[in-house]
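Per-entry structural report
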Amino acid sequence: MLWEQQVSFMHESLSRSSEEAQCSCFTQTPAWHRSCCSAWAPRNVAAVPGGGTRGLCPFCPYRAAARLLVSLVVRVLLSRADLGSCGAPRRAPSFSLTLRCSFPSSSWWSHVEMGPPDPILGVTEAFKRDTNSKKMNLGVGAYRDDNGKPYVLSCVRKAEAMIASKKMDKEYLPIGGLADFTRASAELALGENSEAFKSGRYVTVQGISGTGSLRIGANFLQRFFKSSRDVYLPKPSWGNHTPIFRDAGLQLQAYRYYDPKTCSLDFTGAMEDISKIPEKSIILLHACAHNPTGVDPRQEQWKELAAVVKKRNLLVYFDMAYQGFASGDINRDAWAVRHFIEQGINIVLSQSYAKNMGLYGERAGAFTVICSDAEEAKRVESQLKILIRPMYSNPPLNGARIASIILNTPELRKEWLVEVKGMADRIIGMRTQLVSNLKKEGSSHNWQHITDQIGMFCFTGLKPEQVERLIKEFSIYMTKDGRISMAGVTSGNVGYLAHAIHQVTK
Amino acid sequence: MAAAASIFAAVPRAPPVAVFKLTADFREDADSRKVNLGVGAYRTDEGLPWVLPVVRKVEQMIAGDGKLNHEYLPILGLPEFRANASRIALGDDSPAIKENRIGSVQSLGGTGALRIGAEFLRRWYNGTNNTATPVYVSSPTWEGLVSGGGAHIRTYHYWDAAKRGLDLQGLLDDMEKAPEFSIFILHACAHNPTGTDPTPDQWKQIAAVMKRRFLFPFFDSAYQGFASGSLDKDAWAVRYFVSEGFELFCAQSFSKNFGLYNERVGNLTVVGKDADNVQRVLSQMEKIVRTTWSNPPSQGARIVATTLTSPQLFAEWKDNVKTMADRVLLMRSELRSRLESLGTPGTWNHITDQIGMFSFTGLNPKQVEYMIKEKHIYLMASGRINMCGLTTKNLDYVAKSIHEAVTKIQ
């Protein structure tokens, strides 16, 4: 029994050191440990933030050897234990006699770092905790009505009722998605009179809202656009663009876009930078309602951008997440996309129905490639399917079906156009009211950019210290870059917001 | 008007995905006797898709609920869905749940769950970005598993064509030979495409080897409840591994057992050593989800969550699932008995020994071609048939056709 106790004690002490997720040999001679352990198990050494490495070697061969030695000793001494092969001792031991078979108490995931918290979520979390009755959440990226409530479009409710009454089956969609949806989506973006649309020299596949569509496109370009690995984003751009393209295996570059001095477009800077982009690189443009700044080029400026992009032979990737939602007019919001195509630029395009149809959680979106001809479109389509299949096989039906019914049913389409204009008008109205309230407060600053900008977001021009004060003193929550979501502004709180902004900027 | 040569001029046409092409060919076939034994979706005895009655009920509830909106779900998904989906897999009394060391990621079907898990492993398993770690899939396996490519996909022996059953020794040998820390994709039940599952004893042997050699278990659970008719029975293997102390992933699909194919409802269950590890893992999975689909679709998750959290609806669902499983079992026994009474050469007990939607008939590619071209019966080149494509009306025709194929073609 004495031997068993001693063996048990040794086993425990070995297990304990592995619980600490730090190999006992590491602290003594790190270099020696690293060389021995990385030869045996490549995962053993990982970087920690702030520099340095962590040894996490539950499988250190030296301890494994020690364990083996112990188990051999035990086997010799405890002749009644009939061990057989590892994992099948014929007598259930009170402790593991075959120590090599025991699990390390540390985890496979000991070295996994905590992912950084999402900055926008942080804003919402802080907002939720705030008990001030006047609090405002201007970080939210979803439309709110004038009562600050989520808004389900009436045309959406009607489409849903139609769907529920039809009692359709739930069979898999094709990989490329619901055909009625993708066709209608292409027509919405390109325009029914578009030559590209009518000739069929395009392919549109259903994507998981804007993000999923962007990702399909990014993966497609990574695989088939061999001329360049570089994607040029406007400075700034939507925060998720960078990781999407990076995860797809592309590299990120930037061109000047927003001028913080004027809170508007740095058109000269943009043209300068774009004219220097290496030929055949990829350039991403926001079709309308630039996120996060709300700053869009005017039509004359778009014409010049198209010319320089054509001259540089760049591959144009349009991200259109707000068609209809920006100006209230779907054709106006798609003007840039259509102009580029008319100029002979074969763009790729991602669309989202999250905002303009309020279908956020239903994930309705589409990715389009304008091709030379219909035959090329078929080849591209076949490759898009190959990319989609291992990601999620085929897309979710519900949101696409709602969108399809709306777009393809004349009365519902009309109703939708009115409702999307209603949302856009409310936003525009809030912009106007915010500016007039600021004037009423006596602010001497130029707030014209608030009404010049368009879409859900507004780059106020507020500095981080001013944002800090808005949060702390007025319970008005926004991101540090001074971006506010106009959707969070209502006729009930616009006065308060103007007052607060004036207080921190006077 | 268009620029010079298109940048996509050199994009080759990709071959169509085989199983979907099969269905497309079936649709175009004008022969009245045609039977589709290809794609894996449940069919009633009338050969029609079946929306589960409980699903219809819940859909109407959701459609009529004016309080519901379409706001974004959290990145990891609907909380009530995630927790309950994992509970279904691991069991109400799971020690891992009690010890708060599980995590869940709502995903786009089983495929989406596999994808998130695979991408996480690529980034964080066995070091960081250690893409050299081999991933083992069974030979054969479901085509979607390997369509994503990846240089280090290897196979482990699984199907013994000669004895038409599990090649356990080959499987265990492959596990012995695999480098330590290799990842093994295991079908939790109703193996696709063979329908052949290890017995509990065989699972125990598999687990022992995996434990000893530090192999990572990644379960693919697409048929829980659908295989035997019992949720618990079909989850036995996953739960056994958890009870043996493994850290593991389990990709769950609710496409078949809820009939929610096109709503893309899936869940990746993560079992870890402790809550802290699981939290860090989830935080990194969030980053992967964010650049893949941002947040998952809400409709299907709502249906499943509503069903699983209501005792009455849950009971109804289990009943619906048993209906499907029972019909499949009936078709299996009916097909086997017909082949045996026809005196079709060979043994046919594998048809009832196998479980789930699919059966590896043992037909060779030439015989399969005969079935498709001459008899208008569509099945995969591997000889895989979807039992759900069988009905009381077409059983005789299919049995006779198999008989012909086996006797005429070698």
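Residues numbered from 1 in each chain as written. Chains lettered and ligands numbered in written order. Predicted model: local features only at pLDDT ≥ 70, side-chain atom pairs only at ≥ 80, totals over all residues. Heavy atoms only, no water.

The name an unreviewed UniProt entry assigns to chain B is Aspartate aminotransferase, from the organism Anser brachyrhynchus. The record in UniProt for chain B states the following under Sequence similarities (unreviewed entry): "Belongs to the class-I pyridoxal-phosphate-dependent aminotransferase family." Per UniProt, chain B carries the Subunit (unreviewed entry) text "Homodimer." (UniProt positions renumbered as here; feature names shortened; annotations may be inferred.)

Within an unreviewed UniProt entry, the label attached to chain A reads Aspartate aminotransferase, and the organism entered is Anser brachyrhynchus. Check the Cofactor (unreviewed entry) section of the UniProt entry for chain A; it says "pyridoxal 5'-phosphate".

1. Description of the pairing of strand S10 (residues 265-271) of chain B
All names here are of chain B. Counting buried residues in S10 gives seven out of seven residues, a clear majority hidden from the surface. Residue alternation in S10 divides its side chains into two sets, Val 265, Asn 267, Thr 269 and Val 271 and Gly 266, Leu 268 and Val 270, and both sets are buried. The sheet contact formed by strand S9 (residues 248-253) and S10 spans six bridges and is antiparallel. Each bridged residue has a counterpart across the sheet, and for Ser 253 the counterpart in S10 is Gly 266. (Buried < 20%, exposed > 50% of the residue type's maximum accessible area, 1.4 Å probe, protein only. Helix = DSSP H or I, 4+ residues; strand = E, 2+ residues; numbered from the N terminus. Pairing = 2+ DSSP bridges.)

2. Regarding helix H16 (residues 397-408) of chain A
A rise of 1.5 Å per residue sets the reference length of H16 of chain A, with its 12 residues, at 16 Å; its end C-alpha atoms lie 16 Å apart and thus fit the reference within 8%. Within the sequence span of H16 of chain A, burial applies to Leu 397, Asn 398, Gly 399, Ala 400, Arg 401, Ile 402, Ala 403, Ser 404, Ile 405, Ile 406 and Leu 407 of chain A. Contact partners of the buried residues in H16 of chain A: helix H6 (154-166), helix H7 (179-190), strand S4 (202-208), strand S12 (364-370) and helix H17 (410-441) of chain A together with helix H12 (298-308) of chain B. (Expected span 1.5 Å × (residues − 1). Contact = heavy atoms within 4.5 Å.)

3. A short note on the pattern of salt bridges
Residues and elements named next belong to chain A. Evaluation of the coordinates by the stated rule reveals 41 salt bridges over all chains. For Arg 256, the salt bridge identified is with Glu 272, shortest N-O distance 3.0 Å. In this pair, Arg 256 is assigned in strand S6 (residues 251-256) and Glu 272 in helix H11 (residues 267-276), connecting sequence segments 16 residues apart. Residue classification places Arg 256 among the partly exposed residues on the basis of a relative accessible area of 30%. (Salt bridge = Lys/Arg side-chain N within 4 Å of Asp/Glu carboxyl O.)

4. Regarding the confidence of the model for chain A
Residue and element names in this part refer to chain A. Mean pLDDT over chain A: 85, with 80% of residues reaching 70 or higher. Low confidence marks residues 1-59, where pLDDT is under 50. Its contacts with residues over four positions away, or in another chain, come to 94 contacts. Per-residue pLDDT stays below 50 along residues 80-102; that stretch engages in 35 contacts with residues further than four places along the chain or on separate chains. (pLDDT = per-residue confidence, 0-100.)

5. Here's the deal with the packing of aromatic side chains
Summed over the entire model, instances satisfying the criterion amount to 47 aromatic pairs over all chains. Centre to centre, the rings of Trp 109 of chain A and Phe 249 of chain B are 5.7 Å apart; their planes meet at 15°, and the pair counts as stacked. With Trp 109 of chain A in the loop between helix H4 (61-77) and helix H5 (119-129) and Phe 249 of chain B in strand S9, this pair bridges two chains. On the accessibility criterion, Trp 109 of chain A (0% relative accessible area) is buried. Assessed through its relative accessible area of 0%, Phe 249 of chain B is described here as buried. Taken together, a centroid distance of 5.9 Å and an interplanar angle of 55° make the contact between Tyr 42 of chain B and Trp 50 of chain B tilted. (Phe/Tyr/Trp six-rings, centres within 6.5 Å; stacked < 30°, edge-to-face > 60°.)

6. Focus: unusual backbone geometry
Along the chain, Asn 291 of chain A connects to Pro 292 of chain A via a cis peptide bond; the corresponding omega equals 20°. Within the secondary structure layout, Pro 292 of chain A lies in the loop between strand S9 (282-286) and helix H12 (299-311). A cis amide bond links Ser 139 of chain B with the next residue in sequence, Pro 140 of chain B, at an omega value of 0°. By the secondary structure assignment, Pro 140 of chain B is in the loop between strand S3 (135-139) and helix H6 (143-146). Even without a glycine there, the phi angle at Ser 393 of chain A is positive, about 70°. Mapped onto the secondary structure, Ser 393 of chain A falls in the loop between helix H15 (374-392) and H16. According to the relative accessible area criterion, Ser 393 of chain A is buried, its value standing at 3%. Even without a glycine there, the phi angle at Asn 100 of chain B is positive, about 55°.

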